[in-house]
Amino acid sequence: MNTAAMSTGPAPWLLGPWQTLLERAAAGRLPGGLLVTGAEGTGKGWLVTAFLQRLYCDRASGLQPACGDCGGCRSLAGGVHPEVHEVMPPEPGKEIPVDAIRTASEFLGLSGSATWRVLRLHPAEAMNASAANALLKTLEEPPSGALAILESARPSALPATIRSRCQNLHLATPSLDQARAWLAGMTDDPGAVEAAWAAALGRPMTAAELLADPDRQAAWERDRDALTGLLRATDLHSVVPALMRCDPETLVPRLQALLLSAQRWLASGEMDRFGAQFPREDLQRFARERGARGMASLVQQSRQWQRQLRTTLNPQLRMEDMAAAMLPLTTPQRVAYGDRSGAY
Ligand SMILES: [Zn+2]
């Protein structure tokens, strides 16, 4: 569980939902099922983590965040709190199987020492049909003191029966100004906010994590360098090693954003925030050389690369495939690559 939630108060747009949760908990009015929804990066994970910390903190009172230091806070941060059970897919993009829900339901049915026994499930839409059915039984007759918290950026992908059994707490997406003012309070460097906002693809909580974490910043630099290399590339083998050093989970969405920036610039003459993080001349030359039709085709291909993230495609082949598509049309290596594509 992310422990950064303990030390800081809620972001401005989370203040209302935070108060709602604490007031309901204090009044003993928490539902058996709570569905927390909102776009990616609006702070669902932050809010639920902070709320659980607060629920089991031995010291905080009122609307204060958890102290981060007491026994309750420490055992939650260590992932070993006896009253909290967390269920996620076994790997990102995989389904949550029915067995995981059965185990969680048994856990909720045990009688514990604390007032609340919590199942945390995210992302909830990852449950397969049998898992959702098993959870529904628990939501229909929740054991006393049981609370299931479901997080979802795509609640429409959940069965209607699950949604109707939960109270919905929706997190609004903050305005750009609101999010950037909040991020600006975390650093003295205005350029760092711009870069983090771009690197996080406009997701405020992701941008905040990036500002606080040198490893994520280094990963962004690696992605940006590799993508800049792609804009300049004239042959496959000069760029693939740099791509192989990147995490496809962040690289591919950023490549997609870069292609959209180039496409927008070509159509409107305006450079958006993401594109502004790259050498202007390289990006403009890249877009001009491919033209509107070439850019549209690349943007379409990038959707396929995004879908392939969930497959077991060989990483080297995946990167070679992307790099080959990005090379100028006249490059001999691209032809050679196409020749051997039948081999796998
Ligand atoms: Zn505490």
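About the cut-offs
- Residue numbers run consecutively from 1 along every chain, following the written order of its sequence.
- Local features are withheld for residues below a pLDDT of 70 in this predicted model, meaning they are given only at 70 or higher, and side-chain atom pairs are given and counted only at 80 or more; totals for whole chains, interfaces and linings count all residues.
- Remark: hydrogens and water are excluded; side-chain values derive from all non-hydrogen atoms of the structure.
- Note that the domain bounds reflect an automated or database-derived domain assignment.
- Strands here mean DSSP runs of E at least two residues long; helices mean DSSP runs of H or I at least four residues long; both are numbered from the N terminus.
- The criterion used for residue contact is that any of the two residues' heavy atoms lie within 4.5 Å.
- Nitrogen, oxygen and sulfur within 2.8 Å of a metal are treated as its donors, or within 3.2 Å for sodium, potassium and calcium (Na, K, Ca); water is not counted, so a site can appear incomplete.
- Geometry is assigned from the angles between donors: four donors with all angles from 85 to 135 degrees make a tetrahedral site, four or six donors whose opposite pairs exceed 155 degrees while the rest stay between 65 and 115 make square planar or octahedral sites respectively, and everything else is labelled irregular.
- Relative accessible area decides the class of each residue, using a 1.4 Å probe on protein chains only: under 20% of the type maximum gives buried, over 50% gives exposed, and in between gives partly exposed.
- By this definition, two strands are paired if DSSP reports at least two bridges between them.
- Axis angles are defined between N-to-C directions and span 0 to 180 degrees, where every axis is a line fitted to C-alpha atoms and, for a helix, only to the segment in contact.

## Here we look at the domain arrangement of the protein chain
How big an interface is tends to be expressed through the accessible area that disappears when the partners come together. Annotation of the protein chain at the domain level lists domain 1 (12-170) and domain 2 (213-334). Between the C-alpha centres of domain 1 and domain 2 the distance comes to 37 Å.

## Considering the environment of F278
Position of F278 among the secondary structure elements: in the loop between α12 (248-268) and α13 (280-308). Between the C-alpha atoms of F278 and G68, which are 210 residues apart in sequence, the distance is 39 Å. When residues no more than four places from it in sequence are discounted, the contact partners of F278 are W220, R224, L227, T228, L231 and L258.

## Comments concerning the coordination of the zinc ion
Taken together, C57 (SG), C67 (SG), C70 (SG) and C73 (SG) make up the full set of protein donors to the zinc ion, lying 2.3 to 2.4 Å away. Taken together, the 4 donor atoms coordinating the zinc ion span angles of 104 to 116° at the metal, a pattern that classifies the geometry as tetrahedral. Read in sequence order, the donor residues coordinating the zinc ion give the pattern C-x9-C-x2-C-x2-C. Grouping residues by exposure puts C70 and C73 together as buried.

## A closer look at the side chain of R254
Mapped onto the elements, R254 comes out in helix α12. By relative accessible area, which is 6% here, R254 ends up buried. Filtering out sequence-adjacent residues up to four positions away, R254 remains in contact with A199, L201, L210, A219, W220, D223, L227 and F274.

## Quick notes on the sheet that holds strand β5 (residues 167-170)
Strand pairing in a sheet relies on backbone hydrogen bonds, with the paired strands running either antiparallel or parallel. If you walk across this open sheet you meet the 5 strands as β2-β3-β4-β1-β5, and the pairing is parallel. Strands with a single pairing partner mark the edges of an open sheet, and in this sheet they are β2 (84-87) and β5. For this sheet, the mean angle separating the axes of adjacent strands, direction not counted, is 20°. For strand β1 (residues 33-37) and β5, the ladder comprises 4 bridges, and the chain directions are parallel. When the bridges of β5 are listed, L35 appears paired with N168. Against the sheet, helix α1 (residues 15-26) contacts β1 and β5, and its axis sits at roughly 150° relative to β5.

## Topic: the side chain of Q284
Its location among the elements puts Q284 in helix α13. For Q284, a relative accessible area of 16% corresponds to the buried category.

## A word on the environment of A208
Within the element layout of this structure, A208 appears in helix α9 (residues 204-212). Considering only alpha carbons, one finds A208 and H122, 86 residues apart in sequence, at a separation of 20 Å. If we skip the residues at most four places from it in the chain, A208 touches W182, L183 and M186.

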